[in-house]
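Listed below, chain by chain, are the residues.
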Amino acid sequence: MDHDEPASPNAAIQRLAARIDRPIVLVGMMGVGKTTVGRRLAAMLNVPFCDADEEIERAAQMSIPEIFAQFGEPYFRSGERRVIARLVGEDGAHERRVLATGGGAFVDPETRALILSRAIAVWLDSDVDTLVARVGRKGNRPLLKNGNPREILTKLKAERGPAYAEAPIHVKSGNQPHQATAMTILKAIDAWL
């Protein structure tokens, strides 16, 4: 290839992928797009994608709403921490992958410390209007069951903001295509590494 030609975006992504030596963990509020953007990001980097909530449901053989209803949030958070520890390589084996976490995972101090020490934490952030549009009508969010989704999301966003802010990378997710958000994440990771 002629050195005067600009490098293709795919070549630049693969060079960045080679520099990433641990999992990328997406954190942030429910509805921000961690799973959909995470799948796109993993495909671009050619690494596996994992959704912590799906792994929790598989391990418990129950849905997250069922776990919350039967055992409560503290029990769920404990199981979530164990699953995330396994997925980010608690044994020191840092497998390269993209991991989407549940909205409350990074708020737990132990889980947050684990992610910060073993992964690249990316805070995917959106405004409340976007979050309400994405999750307000769905019935599968245990924390939105008892009240006005806008009020609950506004309160959760304010409460969780300081924890999310500990992630070294902060990317806004709005109404742009998932591909554009994934590219913004890649650029932010490249600048951070």
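So, a few notes on the structure that sits alongside this text. Owing to the predicted nature of the structure, the values given are computational and were not obtained by experimental measurement. (Residues numbered from 1 in each chain as written. Predicted model: local features only at pLDDT ≥ 70, side-chain atom pairs only at ≥ 80, totals over all residues. Heavy atoms only, no water.)

Topic: the overall build of the protein chain
Okay, so step 1: Counting secondary structure elements, the protein chain contains nine helices and five strands.
Okay, so step 2: What you see in the protein chain, going N to C, is helices and strands ordered as α-β-α-β-α-α-α-β-α-β-α-α-β-α.
Okay, so step 3: Within the protein chain, the fraction of its 193 residues that count as buried is 47%.
Okay, so step 4: A sequence separation of at least 24 residues applies to 76% of the contacts in the protein chain between residues at least 6 apart.
Okay, so step 5: For the protein chain, the accessible area works out to roughly 9,700 Å², and carbon and sulfur atoms hold 51% of it. (Helix = DSSP H or I, 4+ residues; strand = E, 2+ residues; numbered from the N terminus. Buried < 20%, exposed > 50% of the residue type's maximum accessible area, 1.4 Å probe, protein only. Contact = heavy atoms within 4.5 Å. Areas by Shrake-Rupley, 256 points an atom, 1.4 Å probe, with all protein chains shown as cover.)

Structural notes on unusual backbone geometry
Okay, so step 1: Positive phi values are uncommon outside glycine, yet N46 reaches one of about 60°.
Okay, so step 2: Mapped onto the elements, N46 comes out in the loop between helix 2 (34–45) and strand 2 (49–51).
Okay, so step 3: Assessed through its relative accessible area of 65%, N46 is described here as exposed.

Here we look at helix 5 (residues 73–87)
Note on helix geometry: an α-helix contains 3.6 residues per turn, so any two residues three or four positions apart are oriented the same way.
Okay, so step 1: Between the first and last C-alpha of helix 5 there are 21 Å, a value that for 15 residues agrees with the 21 Å anticipated at 1.5 Å per step.
Okay, so step 2: Of all the residues in helix 5, the buried ones are F76, R77, G79, E80, R81, V83, I84, A85 and L87.
Okay, so step 3: Contacts made by the buried residues of helix 5 are with strand 2, helix 3 (52–60), helix 4 (64–71), strand 3 (98–100), helix 6 (109–118) and helix 8 (149–164). (Expected span 1.5 Å × (residues − 1).)

Some details on the side chain of D108
Okay, so step 1: Of note, D108 is situated in the loop between strand 3 and helix 6.
Okay, so step 2: There is a polar contact of 2.9 Å between the side chain of D108 and the side chain of R81. (Polar contact = N/O pair within 3.5 Å; in protein donor to acceptor, adjacent residues only side chain to side chain.)

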